[in-house]
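Structure at a glance
Residues per chain are reported as follows:
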Amino acid sequence: MTGTRVRVTMAYVMADQKTLAEQSGDAPYRRMTRPMEGRLLGGVAQGLAAQLKLDPVVIRLMFVLLSVVHGVGMVAYAVLWMVTPRKAPERADPQRDWSQLAAFTAIGLALFAFGWLTGASQGGIGMLPFAVGGIGALILWQQADPERRRGWVSGAALSMRKNRIRTPLGVGLVVVGAIGFLYSQGELAQARPGLMFTIVVVGGLAVIAAPWLAGLWKELQLERRERIRQEERAEVAAMVHDSVLHTLTLIQRVAHDPREVSRLARSQERELRNWLYQPAQDADATLAAAVRRIAAEEEDAHGVPIEVVCVGDIALDSAGRLGAMLKAARQAMVNAAKYAESPAISVYAEVEGEEATIFVKDRGKGFDLADVPLDRMGIRESIIGRMERHGGTARVRTEPGEGTEVMLTMKLEKA
Amino acid sequence: MTRVLIVDDHRLFRSGVRAELGDSIEVVGEAEDVETAVRAIAAHQPDVVLLDVHMPGGGGQEVLRRVLGSGSQVRFLALSVSDAAEDVIGVIRGGARGYVTKNISGKELTDAIRRVAEGDAVFSPRLAGFVLDAFASSEVPSIDPELDSLTQREREVLRLIARGYAYKEIAKELFISVKTVETHVSSVLRKLQLSNRHELSRWATARRLV
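Just so you know, these numbers come straight off a predicted model, no measurement behind them.

**Thoughts on the overall build of chain A**
Regarding its fold elements, chain A presents 13 helices and 7 strands. When each of the 415 residues of chain A is scored for burial, the buried share is 28%. Across chain A, the fraction of contacts at a sequence separation of at least 24, relative to all contacts at a separation of at least 6, is 70%.

**Regarding the overall build of chain B**
Scanning chain B for helices and strands turns up 11 helices and 6 strands. With 210 residues in all, chain B has 45% of them scored as buried. Within chain B, contacts between residues at least 6 apart in sequence are counted, and of these 65% link residues at least 24 apart.

**Thoughts on helix α6 (residues 125–136) of chain B**
Along its 12 residues, α6 of chain B runs 16 Å from first to last C-alpha, staying within 8% of the 16 Å computed at 1.5 Å per residue. Of all the residues in α6 of chain B, the buried ones are P125, R126, L127, A128, G129, F130, V131, L132, D133, A134 and F135 of chain B.

**Observations concerning the pairing of strand β2 (residues 25–31) of chain B**
Residues and elements named next belong to chain B. Where strand β1 (residues 2–7) and β2 come together, 6 bridges link them in parallel fashion. Bridge pairing links R3 to E26 in β2. In this fold, β1 hands off to helix α1 (residues 11–20), which returns the chain to β2; that crossover is right-handed.

**Quick look at unusual backbone geometry**
In this model, E341 of chain A sits at a positive phi of 55°, which is unusual for a non-glycine residue. Its place among the elements puts E341 of chain A in the loop between α12 (321–339) and β4 (345–352). Looking at E341 of chain A, the number of C-beta atoms within 10 Å reads 13, which means it is partly exposed. Backbone geometry at F175 of chain B places phi at a positive 55°, although glycine is not the residue there. Mapping F175 of chain B onto the fold places it in the loop between α9 (167–174) and α10 (178–194). Residue F175 of chain B is classed as exposed on the basis of its 7 C-beta neighbours within 10 Å.

**Some thoughts on the sheet that holds strand β6 (residues 393–398) of chain A**
On the basis of which strands lie adjacent, the open sheet formed by 5 strands has the order β3-β4-β5-β7-β6 (chain A) and mixed pairing. Of all strands in the sheet, those bounded by a partner on one side alone are β3 (306–311) and β6 of chain A. On average, adjacent strands in this sheet sit at an angle of 10° to one another, irrespective of strand direction. Here β4 of chain A runs beside strand β5 (residues 355–362) of chain A; their pairing, made up of 8 bridges, is antiparallel. Residue pairing across strands places I345 of chain A opposite D362 of chain A, the latter belonging to β5 of chain A. Of the strands in this sheet, β3, β4, β5, β6 and β7 (404–411) of chain A touch α12 of chain A, which is tilted by about 10° from β5 of chain A. Across the sheet, α6 of chain B lies against β3 and β4 of chain A, angled at about 10° from β3 of chain A, the strand it touches most.

**Considering the sheet that holds β2 of chain B**
All names here are of chain B. An order of β2-β1-β3-β4-β5-β6 is seen for the 6 strands of this open sheet, with the pairing classed as parallel. Whereas interior strands pair on both sides, the edge strands pair on one side only; in this sheet they are β2 and β6 (122–123). Two elements, strand β4 (residues 75–80) and strand β5 (residues 98–101), share 3 bridges in a ladder whose sense is parallel. The residue bridging S80 from the neighbouring strand is T101, located in β5.

**Some thoughts on the interface of chain A and chain B**
Often the size quoted for an interface is simply the accessible area lost on bringing the parts together. Between chain A and chain B, the residue contacts involve 12 residues of the former and 12 residues of the latter. Contributing elements (two or more residues each) for the side of chain A that touches chain B: β3, β4 and β5 of chain A. Considering each element in turn, the side of chain A that touches chain B owes the most residues, 4 residues, to β3 of chain A. Across the side of chain A that touches chain B, the residue classes break down as 7 nonpolar, 2 polar and 3 charged.

**What about the pairing of β5 of chain A?**
Residues and elements named next belong to chain A. The element β5 is largely enclosed, with a buried count of 7 among its 8 residues. Turn length for the β4-β5 hairpin, with the two strands adjacent in sequence and antiparallel, is 2 residues, and the turn residue G353 shows positive phi of about 60°. Here β5 pairs with β7 via 8 bridges, running antiparallel. Its bridge partner lying in β7, D362 is registered against T404.

**A word on the confidence of the model for chain A**
All names here are of chain A. Of the residues in chain A, 69% have a pLDDT of 70 or more, and the chain-wide mean is 74. Per-residue pLDDT, averaged within each element of chain A, yields its smallest value for helix α1 (residues 2–24) (42) and its largest for β5 (91). Across residues 1–28, where pLDDT falls below 50, the model places 2 contacts with residues more than four positions away in sequence or in other chains.

**Topic: the nonpolar core**
Residues V291, A329, M333 and V347 of chain A together with L77 of chain B are the most contacted members of the largest nonpolar core, which totals 100 residues. For this core, the element with the most residues is α12 of chain A, which contributes 9 residues. Excluding its chain neighbours within four sequence positions, the residues that come into contact with V347 of chain A are V291, A295, I306, E307, V308, M333, I358, F359 and V360 of chain A. L48, I59, L65 and I208 of chain A belong to the second largest nonpolar core, which has 26 residues in total.

**Section: the packing of α9 of chain B against α10 of chain B**
All names here are of chain B. Two numbers describe how α9 lies on α10: the axes approach to 8 Å, and their chain directions differ by 105°. Taken together, α9 and α10 sit at an angle that is classed as roughly perpendicular. Across the interface between the two elements, Y167, K168, I170 and A171 of α9 pack against V178, V181 and E182 of α10. Here the residues of the contact of α9 with α10 sort into 5 nonpolar, no polar and 2 charged.

**Considering the confidence of the model for chain B**
All names here are of chain B. The predicted model of chain B averages 82 in pLDDT, with 87% of residues at 70 or higher. Ranking the helices and strands of chain B by mean pLDDT puts strand β3 (residues 48–51) first, with 90, and helix α11 (residues 198–209) last, with 57. For this predicted complex, the interface score ipTM comes out at 0.79, while the overall pTM is 0.58.

Reading guide: rules and limits
- Residues numbered from 1 in each chain as written.
- Chains lettered and ligands numbered in written order.
- Predicted model: local features only at pLDDT ≥ 70, side-chain atom pairs only at ≥ 80, totals over all residues.
- Helix = DSSP H or I, 4+ residues; strand = E, 2+ residues; numbered from the N terminus.
- Buried ≥ 20, exposed ≤ 12 C-beta atoms within 10 Å, placed from the backbone.
- Contact = placed C-beta atoms within 7 Å.
- Expected span 1.5 Å × (residues − 1).
- Pairing = 2+ DSSP bridges.
- Right-handed = clockwise from strand over helix to strand, strands pointing away.
- Axes fitted to C-alpha atoms, helices over the stretch in contact; angles between N-to-C directions.
- Nonpolar A, V, L, I, M, F, W, Y, C, P; charged D, E, K, R; others polar.
- pLDDT = per-residue confidence, 0-100.
- Core = buried A, V, L, I, M, F, W, Y, C linked by C-beta atoms within 7 Å.
- Parallel < 35°, antiparallel > 145°, perpendicular 65-115°, else oblique.

Next comes the structure, spelled out in structure tokens:
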């Protein structure tokens, strides 16, 4: 019963959301209007742009281009103006974008003069296909990636408005080009002025397009920065989630076992500390890093805190002498953790001059070295024997009740 | 009775320390940031200030600068969760007489406070390791040979501290008195604070970056 009601409510909510989306989003078949805000002439281009989901600038350029060819653009604009209702402005005095209007007028005049002089507008050289092709290219450019372009265009429109110098400059360029053309028309060969004119028109277009390109670049940089930030955030979140939250959950589950709780807390603390303070260390690259890793592993395995202090460092050698030393050190830590009943173990690794030394000390019950049976491999074989086979030495200092200290020394071969 | 002031921005931690300290220590006040710390120290004149390194308003180093800069003789023991070299060396050079990490046991902390109150220095194994590491690189010619290098004996003492020996054990190991061990450690502390070896600070920063 309740379930059904919930489902019905859900359906309502979903239906509501759908209507909302249709109202707020660009509904495909809504009536075209002429917005007054930001218009250049009558707002036809803007309205058409909104209707076709294109950029107004593209539509405006299209009208300009079409006007040059038999004045088609002008007629079309006039017709659309008449049939399209005005959209009530939101503000009291809707602003015209005069700087853009000036730029478009200049381009239009230049193109018109060009067409008239070369006879292109009379269809002499078949200008219509060019105009259509040009418009098509503009629309293609506009449609290439609408999602992204929207961001660029909004940024560009902003910078266009901010940049009051750039637009007059473009207009000036076009005007100067037109004057220059008219002046030189008599003397220069027929192709020359046409070429020059084209350059001037392209220059004008470039000036108009420059804010877009700048906006585009800025947008890309922004996106990049944002992405890096997001990646960092994701890394922190992953770290907190994978380790910290996990450990906290585990601690709650084993709350009855103080030893396990402190082991978990310690291992988490170590992990967090490494992450915060230690640069990413390759545990297989240097002695200090390897000692830290081994201590961490044994601490985890046996639940006894192991404090590590390292002084100096050296890259691990290929001959494996330091590798053997590390194995001996690990065995010493295992012994201390397993048998010494010590509350904590201290490990000190030092590389000084031509010698590497590792000390493993506990404050446990200690033992009498003479009493260790010959078949006990731990100390005799894994520590002392191993060190001696590789040219190092191992000393064990212990007494019942006094704790144990294992000292490993290895000569370093000269590089 | 040693009079102690606890400066830490975590209330939970302050009450934890209060509960852990032995009977020989009287906590005369608490402070939670640089401003309240400076005021509380002036008001209570404690024997020892337990000072957190990371705090709002400039951290422990700022407290040290303002209190010791005004000529106060109060002694500081830095107590921090961080064991980054730049924090440790920074706060010692700022004038703290010792540095211990927050996972220290109550008994050890009581011991360390007593030692600082008596004018001695307190070095944790990690701090000893840092100092050995910092003074080890001796390629750069020193300006003041007395301040810029450790004596053989001081080095031995520091190594034993780094190996996890207590002062008493060090004394036994080196056949000297505990008092002499304390003298050596205080001497190292003085060098650490007064030596103008640029490497000290640079080294501490580099350790974080490398």
